[in-house]
Amino acid sequence: MKTQTAKIIFPVLLIGILSFSGCALSQMKKAAKNQELVVTPSPLEVHADTVRFDMTANLPLKMLKPKKVYQLNSFYRYGTQERALKKIEFKATDYPNSDTEQPKVSESYVFPYRKGMERGNIEIQGRAINPKSGNYLETDRLAIAEGLITTSKLVQPSYYASYANHGYNDQEELIPTNVEFFFDQGKSVFRATEQSSDRGAQFAAFIAEKNITRTVTIVGSHSPEGKETINSELAQERADAIEAWYREQMDKYDYQGMASNIRFIIKPVVQDWSGLKAMLASYDGISSSQKSEWNSIINGSGSFEQKEKELQKLSTYKQVFKEVYPMLRTATTEVLTVKPKKSKAEIASLALSSPNSLTVDELAYAAANNPSLEEKKSIYEAAAKKDDTWIIHNNLGAVTMQMAMSASGRSQRNMLTTATNHFNISNQKNANAEAQANLGMVLAMQGNLWGAHAALTKAAGMNPGNDVRQGVNGAKGSVEIMVGRYDLAIASLNRASSSSVDQFNKGLVQLLRKDFRNAQTTLESVISKDRGYVLAHYAAAIAAARQDNENKLIEHLRNAVNADASLKTKAVTDLEFRAYSGTDAFINLMK
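Residues numbered from 1 in each chain as written. Predicted model: local features only at pLDDT ≥ 70, side-chain atom pairs only at ≥ 80, totals over all residues. Heavy atoms only, no water.

1. As for helix α16 (residues 466–482)
To keep it simple, the criterion reads: Strands here are runs of E lasting at least two residues and helices are runs of H or I lasting at least four, both read from the DSSP assignment and numbered beginning at the N terminus. A helix is expected to span 1.5 Å for every residue after the first. Exposure is judged per residue with a 1.4 Å probe applied to protein chains only, and the accessible area is read against the type maximum: over 50% gives exposed, under 20% gives buried, and values in between give partly exposed. We call two residues in contact when some of their heavy atoms are within 4.5 Å.
Compared with an ideal rise of 1.5 Å per residue, which puts 17 residues at 24 Å, α16 spans 24 Å between its outermost C-alpha atoms and is within 8% of the ideal. Most of α16 is tucked away, with 12 of its 17 residues classed as buried. Three or more residues of α16 are buried, namely V468, G471, V472, N473, G474, A475, K476, G477, S478, V479, E480 and I481. Where α16 is buried, its residues meet α14 (433–445), α15 (449–460), α17 (486–493) and α18 (500–512). In the stretch just after α16, G484 is the one whose phi turns positive, near 80 degrees.

2. Focus on the sheet that holds strand β14 (residues 213–220)
Threshold: Strands are labelled as partners when DSSP assigns at least two bridges between them. Between N-to-C directions, angles span 0 to 180 degrees; the directions come from axes that are lines fitted to C-alpha atoms, helices contributing only their stretch in contact.
Ordered in space as β13-β16-β14-β15, the 4 strands form an open sheet in which the pairing is mixed. Both edges of this open sheet fall to β13 (174–182) and β15 (263–268), since each of them pairs with a single strand only. Across the sheet, the axes of successive neighbouring strands diverge by a mean angle of 15 degrees, strand direction being ignored. Here β14 pairs with strand β16 (residues 330–338) via 7 bridges, running antiparallel. By the bridge assignment, V216 is partnered in β16 with V335. Lying on the sheet, helix α3 (residues 198–208) is in contact with β13 and β16; it crosses β13 at an angle near 145 degrees.

3. Describing the confidence of the model for the protein chain
Heads up, the condition is: The predictor attaches a confidence to each residue, and that confidence, scored 0 to 100, is pLDDT.
For the protein chain, the mean per-residue pLDDT works out to 90, and 94% of the residues sit at or above 70. Here residues 8–21 is a poorly scored stretch, pLDDT under 50, and it has 44 contacts once near neighbours within four places are set aside; other chains count.

4. Brief notes about the environment of S406
Our working rule: We define a polar contact as two N or O atoms separated by no more than 3.5 Å, with the added condition that, inside protein, one atom must be a possible hydrogen donor and the other a possible acceptor, whereas residues neighbouring each other in sequence contribute only through side-chain atom pairs.
Mapped onto the elements, S406 comes out in the loop between α12 (390–405) and α13 (409–429). Residue S406 is classed as exposed on the basis of its relative accessible area, which comes to 67%. Considering only alpha carbons, one finds S406 and P43, 363 residues apart in sequence, at a separation of 36 Å. From its side chain, S406 meets the backbone oxygen of M403 in a polar contact 3.2 Å long.

5. Topic: the side chain of K376
Convention followed: Charge convention: Lys and Arg are scored as positive, Asp and Glu as negative, and His as well as the terminal groups of each chain are ignored. Put simply, a salt bridge is a Lys or Arg side-chain nitrogen that is within 4 Å of an Asp or Glu carboxyl oxygen.
In this fold, K376 is placed in helix α11 (residues 373–386). For the buried K376, which has no salt bridge, the nearest side chain bearing the opposite charge is E375, at an N-O separation of 9.4 Å. For K376, the side chain forms a polar contact with the main-chain oxygen of A367, separated by 2.7 Å. If we ignore the near neighbours within four places in the chain, the residues touching K376 are Y163, A367, A368, N370 and V399.

6. Quick notes on the packing of aromatic side chains
To keep things clear, this is the line we draw: Stacked, edge-to-face and tilted are the three classes for Phe, Tyr and Trp ring pairs, Trp counted by its six-membered ring, which pair at centre distances within 6.5 Å; planes under 30 degrees apart are stacked, over 60 edge-to-face, the rest tilted. Counted as over-ring charges are cases with an Arg CZ or a Lys NZ within 6 Å of the ring centre that also lie within 35 degrees of the ring normal.
This structure, assessed with the given rule, holds 23 aromatic pairs. Note on F183 and F190: the rings are 6.3 Å apart at their centroids and 40 degrees apart in plane angle, and the pair reads as tilted. Each ring, one from F190 and one from W245, has its centre 5.4 Å from the other, and the planes form 85 degrees; the classification is edge-to-face. Taken together, the residues span a long stretch of sequence, with F190 in the loop between β13 and α2 (192–195) and W245 in helix α4 (residues 228–252) at a distance of 55 residues. Judged on exposure class, the residue F190 and its partner W245 are both buried. Here the aromatic cluster, defined as three or more aromatic residues joined through ring pairs, consists of F181, F183, F190, F203, F206, W245, Y246 and F264. Against the face of Y109 rests K86, its NZ or CZ located 5.6 Å from the ring centre. Above the ring of Y168, the side-chain terminus of K341 is found at 5.6 Å from the ring centroid.

As structure tokens, then:
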């Protein structure tokens, strides 16, 4: 049922409060029977805890009399209570053409919504006044508009606890171990002196530890002297020599089946000047100008062998050959082994029984995977004692806030205060979107809607991760509905999560923006994904009523009241269904 404008034309019965005040007041009484009052919207609606409406009053021609006042007093009456509203006064001096033009005035009204106001009426009482004597004649009160449609109050809070990433890598990590062995000029024999060197001994000890190994990469190289074919063979043979030695060590330490799982990657490097250029850059045995001579030849034209012959002509060649070239006759080995880690189950157990045995990252990982809020909180507290990082403070505040969501009264207030302290410390240590978003959530829970909106807007501008961003937009959209900014709410909720709450609020704001068809689609999508979300049925019934679709109205309303009997009481008095309250289908459903 669409919002309407109430246009009332009615006779006014004047009752003498004092003695009869003269012919002029009597004439005003007679003329007043044709006054017109228009109220928009009708019924009245609540938005952002506020009721707003406009009223236009038209008086009949010749009703106003010199030196007399006609006053319209308005009230919102609900139950046994009422709220006096703005008065409208008509004076003849303000309408000099009132004999030929109807006196007309339009006024905007606003009053705060309070619980209990759901059913009431705007009442008007006219008063014809003689300002000089103070005498007046007053009409009976007449109801001119119903109130209130409270559909906007169906909005659901959307709170999201934003946790910072725990920082623990629970995937397989590979640790590189590197060693470089050297060869004699023109030879690929892995010398005993190299094997027994500190490098060789340490590497052999590393192999003996039987670390879980994924790959062994061996890069054989050569110094520039020699023919291309010789250099090519040397690079390959040097790499092969290290592989053979490595396999001997595995046999020595009884790798058995482990060896077959290790991948050996052999890379011979031929015709590559990068090693020499890097060595020259750090070599202080020759001057900068002499290094330039070397680089000019290396970077110039010609084959590998031609460049080597040109280098041999340089005055510094013998010195570089003696001091630098030996460092290029190598086989570099990189072994990637699996980093030892505790299992997920082991970390979870130790986090509760022996938290000091875990790192801060491991504790944060355990807390992130623990479904119990109490245990999660205790783990974060243990982590904070080891290192109170911004991540730990934010996450400790987040779990405290989550616990507050199911608390009430003083307990909730204390939890929110504690959570806020953690978020502020987190931001002081490192301004972050998670703590900023959580501060917005706390403010929303405390009822500071515009403060929450400012905090959430700031968080959205800090480039948060996808989950946090969607949580922020869901909370923002909820708050924006509560403050009556439906234009902002639809934009936020279009970027919110697919949760039932956020999608319900999206359907609701579409309904409040009179986008009834899309509201129906969104709400029915919530129902299809979450059969237990009863309020979506109720809101979908309202969307159907706004589209004059009685069948869908009854269908959704039946599902709503069958699941939640309290909604039957609400529906009976809900002005959204006023046009159908007398139909057989509605009456039978409400029995």
